[in-house]
Amino acid sequence: MSNNASPGTLYLVATPIGNLDDMTFRAVNILKTADLVAAEDTRNSSVLFRHFEIKTPMTAYHEYNERTKGPELIQDLLGGKSVAVITDAGTPGISDPCYPLVKLAIEAGIRVESIPGACAAISALVISGLPVHRFRYEGFLPHKKGRQTRMLSLKEETGSIIFYESPHRVVKLLEEIKEFLGERNVSVSRELTKKFEETIRGPVSDVLAILKSKEHKGEFVVVIEGLSDRRRPNED
Ligand code: SAM
């Protein structure tokens, strides 16, 4: 690797959130031609690699090694290597490791490109039936400390609000929405793009009753109606 080489490009490559057919041609090409792929979980991504016959060397980049691995990847990029970042699913950076690396890369004058594709938050929002003209992405709420404060801080939010949640906490999340934000319309999507994809829409009490009535497995996105559309139902 020469120190005089022009820096390589850092690619943030979106991967499917369940359905491998959602992989884009460009994503496959970039992963095949990059010098190195930094994956959140190399074992998990090897399934994707096998499916698309990608043979590029992989290295692990995740929240537990990002402090040491980030600067190493920057050295690779400065040395002329192109690096593609992938996570277990969806768009890197969206509740997934990536932001610190992007920041380091920009500071080092490295070109950063997004290879767009699946993102659970956007998929759930557009099918929610709730307003999409403005929305607030909240990702995962903290499990304990600060959870209530974060929820209360959303009380006056006028755009739709998007949460990610695990199956064993989704009922708790809806109970908190009802308690802290009041009765609102919500849309709960699970297993997006997969065989058992399902979206339950309606007032939070009704959706809670449905979720409590039987076991619902899988990964969830919860979209909540913002305040303004309740006050001004005729707004666009
Ligand atoms: N980077 C990903 C993205 O672009 O959507 C999100 C990664 S985050 C660690 C994982 C969370 O995303 C899950 O707990 C769930 O809330 C949501 N998620 C991912 N895939 C999903 C799917 N197929 N259906 C519903 N929610 C999903």
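Since this is a predicted model, take the numbers as computed values, not measurements. (Residues numbered from 1 in each chain as written. Predicted model: local features only at pLDDT ≥ 70, side-chain atom pairs only at ≥ 80, totals over all residues. Heavy atoms only, no water.)

S.K.: Summarise helix α2 (residues 42-51); cite the residues concerned and give the values.
M.R.: Among the residues of α2, those classed as buried are S45, L48 and F49. Projection of α2 onto a plane perpendicular to its axis shows the buried side chains occupying an angular sector of 100°, all on one side. For α2, exposure combined with an orientation more than 90 degrees from the buried face picks out R43 and R50. The secondary structure elements touched by the buried residues of α2 are α1 (25-33), β2 (36-39), β3 (58-60) and β4 (83-86). N-capping of α2 is provided by D41, with a side-chain oxygen placed 3.0 Å from the backbone N of R43. Downstream of α2 by a residue or two, E53 has a phi angle that is positive, lying close to 50°. (Buried < 20%, exposed > 50% of the residue type's maximum accessible area, 1.4 Å probe, protein only. Helix = DSSP H or I, 4+ residues; strand = E, 2+ residues; numbered from the N terminus. Arc of directions from axis to C-beta. Contact = heavy atoms within 4.5 Å. Polar contact = N/O pair within 3.5 Å; in protein donor to acceptor, adjacent residues only side chain to side chain.)

S.K.: A description of the domain arrangement of the protein chain should follow, citing residues and the corresponding values.
M.R.: One widely used convention gives an interface's size as the accessible area the parts lose upon coming together. Domains assigned within the protein chain are domain 1 (9-115) and domain 2 (120-231). A straight line from the C-alpha centre of domain 1 to that of domain 2 covers 29 Å. Between domain 1 and domain 2, the residue contacts involve six residues of the former and eight residues of the latter. The junction of domain 1 with domain 2 conceals about 560 Å² of combined surface from both sides, 59% of it contributed by carbon and sulfur atoms. Interface area lost by domain 1 to domain 2 is led by I17, I94 and S95, which between them contribute 75%. Our count for the domain 1 to domain 2 interface comes out at zero salt bridges. Partitioned by chemical class, the residues of the side of domain 1 that touches domain 2 number two nonpolar, three polar and one charged. (Domains from an automatic or database assignment. Buried area = accessible area lost by both parts, 1.4 Å probe. Salt bridge = Lys/Arg side-chain N within 4 Å of Asp/Glu carboxyl O. Nonpolar A, V, L, I, M, F, W, Y, C, P; charged D, E, K, R; others polar.)

S.K.: Give a detailed account of the packing of helix α3 (residues 66-78) against helix α4 (residues 99-107), specifying residues and quantitative values.
M.R.: Two elements in contact, α3 and α4, have axes separated by 10 Å at closest approach and are oriented at 35°. Seen from above, α3 lies across α4 with right-handed handedness. Of the residues in α4, those touching α3 at E66, G70, P71, L73 and I74 are P100, L101, L104 and A105. Grouping the amino acids of the contact of α3 with α4 by side-chain chemistry returns seven nonpolar, one polar and one charged. (Axes fitted to C-alpha atoms, helices over the stretch in contact; angles between N-to-C directions. Left-handed = near helix turned anticlockwise from the far one by under 90°.)

S.K.: Pulling in residues and values, what's your account of the pattern of salt bridges?
M.R.: In the structure shown here, the tally under the stated rule is 13 salt bridges. Two residues, E191 and K194, come together in a salt bridge whose shortest N-O distance is 3.5 Å. The class of E191 is buried, set by a relative accessible area of 16%. What you see here is one network of salt bridges that share partners, running through R136, E138, R150 and E157.

S.K.: Kindly report on a nonpolar patch on the surface, identifying the contributing residues and their values.
M.R.: Judged by side-chain polarity, I94, I122, V126, I127, V132, F135 and Y137 come together as a nonpolar surface patch covering roughly 540 Å² of accessible area. At the level of secondary structure, the elements contributing two or more residues to the nonpolar patch comprise α5 (120-127) and β6 (135-139). Per-element tally for the nonpolar patch: the top contributor is α5, with three residues. Topologically, I127 is positioned in helix α5. The partly exposed category is assigned to I127, whose relative accessible area is 30%. (Patch = residues over 30% accessible without salt bridge, like charges linked within 9 Å, V, L, I, M, F, W, Y side chains within 5 Å. Areas by Shrake-Rupley, 256 points an atom, 1.4 Å probe, with all protein chains shown as cover.)

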